[in-house]
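Observations on the three-dimensional arrangement
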Amino acid sequence: MPGLLRGVARTAVVAGTATAVSNRVSRRQGGRWARQESASAQQQYAPPPPQAAAPAPTDDMSSKIAQLKELGELKEQGVLTEAEFAAQKSKLLGS
């Protein structure tokens, strides 16, 4: 009888350990999949990179003003950072 009890106890320990390991692996895989899904969702819904303002074909002031307004709107929307806005503005006014 003690041999049988020892065999049953050993089986219970092995089965419990296997269950614990299996649950841990499952949780870890679930965490990885959740991170991958959130990363792909962020990439999918990220705003497109800002496009550089095209240089004016002529030097007329109205087209430059229109482009400056567009740059200002993009900056207000958060598409352009302050540095990007300043670079585009100097590029537009310098040409």
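Residues numbered from 1 in each chain as written. Predicted model: local features only at pLDDT ≥ 70, side-chain atom pairs only at ≥ 80, totals over all residues. Heavy atoms only, no water.

Describing the overall build of the protein chain
In plain terms, the rule: A run of H or I in DSSP counts as a helix once it spans at least four residues, and a run of E counts as a strand once it spans at least two, with each numbered from the N terminus. Only protein chains enter the accessibility calculation, which uses a 1.4 Å probe. A residue is then buried if its area is under 20% of the maximum for its type, exposed if over 50%, and partly exposed in between. All accessible areas in this document rest on Shrake-Rupley with a 1.4 Å probe, and a residue is counted as covered only by the protein chains that are shown.
Assigned secondary structure in the protein chain consists of three helices and zero strands. Mapped in sequence order, the helices and strands of the protein chain form the string α-α-α. A buried classification covers 9% of the 95 residues belonging to the protein chain. Approximately 7,900 Å² of the protein chain is accessible, and the part contributed by carbon and sulfur atoms is 59%.

Examining helix H3 (residues 82–94)
Formally: Under the convention used throughout, the expected extent of a helix is 1.5 Å for every residue step, that is, one less than its residue count. Our arc is simply the arc of the directions from the helix axis toward the C-beta atoms.
The first and last C-alpha atoms of H3 sit 18 Å apart over 13 residues, in line with the 18 Å expected at 1.5 Å per residue. Listed in full, the buried residues belonging to H3 are Phe-85, Gln-88 and Leu-92. One side of H3 carries all its buried residues, which in axial view fall inside an arc of 70 degrees. Structural note: H3 exposes Glu-82, Ala-83 and Gly-94 on the side pointing more than 90 degrees away from its buried face.

A closer look at helix H2 (residues 61–77)
Our working definition: Two residues qualify as a contact provided that any one of their heavy atoms is within 4.5 Å of a heavy atom in the partner residue.
Counted at 1.5 Å a residue, the expected span for H2 with its 17 residues is 24 Å, and the 24 Å between its end C-alpha atoms agrees. Here H2 has its buried residues at Lys-64, Gln-67, Leu-71 and Gly-72. For H2, the buried positions fall inside an angular range of 145 degrees around the axis, keeping them on one side. Facing away from the buried side of H2 by more than 90 degrees, the exposed set consists of Ser-62, Lys-69, Glu-76 and Gln-77. Those residues of H2 hidden inside the fold are in contact with H3. Just past H2, the residue Gly-78 takes up positive phi, approximately 90 degrees.

With respect to a positive patch on the surface
Counted only if it meets this: Residues enter patches when their relative accessible area tops 30% and they take part in no salt bridge; the joining distance is 9 Å for like charges and 5 Å for the nonpolar side chains Val, Leu, Ile, Met, Phe, Trp and Tyr. Salt bridges are defined by distance alone: a side-chain nitrogen of Lys or Arg within 4 Å of a carboxyl oxygen of Asp or Glu. Counted as positive: Lys and Arg. Counted as negative: Asp and Glu. His and the chain ends are not counted at all. To locate a charge, take NZ of a lysine, CZ of an arginine, CG of an aspartate or CD of a glutamate.
A cluster of like positive charges, contributed by Arg-24, Arg-27, Arg-28, Arg-32 and Arg-35, occupies part of the molecular surface. Take Arg-35: it is sitting in helix H1 (residues 2–45).

Some points on the pattern of salt bridges
Counting across every chain of the model gives one salt bridge. Lys-75 is paired through a salt bridge with Glu-82; the nearest N and O atoms lie 3.3 Å apart.

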